[in-house]
Amino acid sequence: MGDRPVLDAIRSILQFKDHATIAEIAKMADMKQRQVLDVLNAKGHMVWRNRKNGHITKADPRAVLRKRLIESDTYYFPGTYGAWSIEGKCLRFKGHEDLRARLCQGVTVGALGDNWSEKHVIDTPENRAALEAAGLRLWSESEADERLWQEGGPHDL
């Protein structure tokens, strides 16, 4: 196992089963159950558990980092708009209200008799260039890795 024995054990078990128990993780990571429980309690926001029986169904430290990056107002995302189907492509981003007001275009979505107006930043090369000039980066260029998951050694806890 590497420097993240609990995370590695969870992933190894979940490749073959739909859940992992504390005992299975402890056995595979060569740790005591109490040590595994301490790590899981410290990383509870990165671990999906069934509260009824304690089974662990997922461990995803990347999701937490992705959420932080999304909320950091430094990325933009390609998206779509429409009423019941995709009617066009747009760019989504947080913050930068002055830039949004300058780039927004009004569009009508829906069908005859059941339509309404919305404002979107339409996905065009000019709008992408304006967002990048304002310091925003395309979401696919971000690096969401596992740097938030830190474990001490089996005797450090």
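The rules behind each value
Residues numbered from 1 in each chain as written. Predicted model: local features only at pLDDT ≥ 70, side-chain atom pairs only at ≥ 80, totals over all residues. Heavy atoms only, no water. Helix = DSSP H or I, 4+ residues; strand = E, 2+ residues; numbered from the N terminus. Buried < 20%, exposed > 50% of the residue type's maximum accessible area, 1.4 Å probe, protein only. Contact = heavy atoms within 4.5 Å. Polar contact = N/O pair within 3.5 Å; in protein donor to acceptor, adjacent residues only side chain to side chain. Arc of directions from axis to C-beta. Core = buried A, V, L, I, M, F, W, Y, C linked by side-chain atoms within 4.5 Å. Pairing = 2+ DSSP bridges. Phe/Tyr/Trp six-rings, centres within 6.5 Å; stacked < 30°, edge-to-face > 60°. Lys NZ or Arg CZ within 6 Å of the ring centre and 35° of its normal.

A few words on the environment of Y75. With respect to the helices and strands, Y75 occurs in strand 3 (residues 75-81). Among the residues examined, Y75 registers a relative accessible area of 7% and is labelled buried. Measuring from C-alpha to C-alpha, the distance between Y75 and E141 comes to 9.0 Å, with 66 residues separating the pair along the chain. Leaving out residues up to four positions away in the same chain, Y75 has contacts with L69, F93, L136, R137, L138, W139 and S142. Looking at Y75, its side chain comes within polar contact range of the side chain of R137, at 2.7 Å.

Before going further, it helps to spend a moment on helix 2 (residues 22-29). By the burial criterion, the buried members of helix 2 are I22, I25, A26 and A29. Summarising the axial view, the buried residues of helix 2 lie within an arc of 100 degrees, below the 170-degree limit, and thus occupy one face. Close packing links the buried residues of helix 2 with helix 1 (5-14), helix 3 (33-42) and strand 2 (56-59). Just downstream of helix 2 lies D30, where phi reads positive at about 60 degrees.

Membership of the largest hydrophobic core comes to 20 residues, with the highest contact counts inside it found for V6, I10, I25, V36, L40, I56 and W149. Elements that contribute at least two residues to this core include exactly helix 1, helix 2, helix 3 and strand 2. Contacts of V36, omitting those with residues within four sequence positions, involve V6, I22, I25, A26 and M31. Core analysis: the second largest hydrophobic core is formed by 10 residues, L91, L99, L103 and A130 among them.

On to the sheet that holds strand 7 (residues 137-138), then. Strands in a sheet are paired, the pairing made by backbone hydrogen bonds, and the direction either parallel or antiparallel. On the basis of which strands lie adjacent, the open sheet formed by five strands has the order 5-6-4-3-7 and mixed pairing. Two strands in the sheet have a free side with no partner beyond their single neighbour: strand 5 (105-111) and strand 7. Alignment of strand 5 against strand 6 (residues 114-122), held across seven bridges, turns out to be antiparallel. Bridging across to strand 6, G110 finds its partner in N115.

Here we come to the packing of aromatic side chains. Enumeration according to the criterion identifies three aromatic pairs in this entry. Between Y75 and W139 the ring centres are 5.5 Å apart and the planes differ by 90 degrees, which places this aromatic pair in the edge-to-face class. Taken as a pair, Y75 in strand 3 and W139 in the segment after strand 7 lie far apart in primary sequence, 64 residues in all. Relative to W139, the ring of F77 lies with its centre 5.4 Å away and its plane at 50 degrees, an arrangement referred to as tilted. Here F77, found in strand 3, pairs with W139, found in the segment after strand 7; they are 62 residues apart in sequence, far enough to count as distant. When sorted by exposure, F77 lands in the same class as W139, which is buried. Positioned above the aromatic ring of W48, the side-chain terminus of K58 is 4.7 Å from the ring centre.

Quick look at the environment of I13 now. With respect to the helices, strands and loops of the structure, I13 is situated in helix 1. Residue class for I13 comes out buried when judged on its relative accessible area of 9%. Apart from the residues within four sequence positions on either side, I13 is in contact with H19, A20, E24, I25 and M28.

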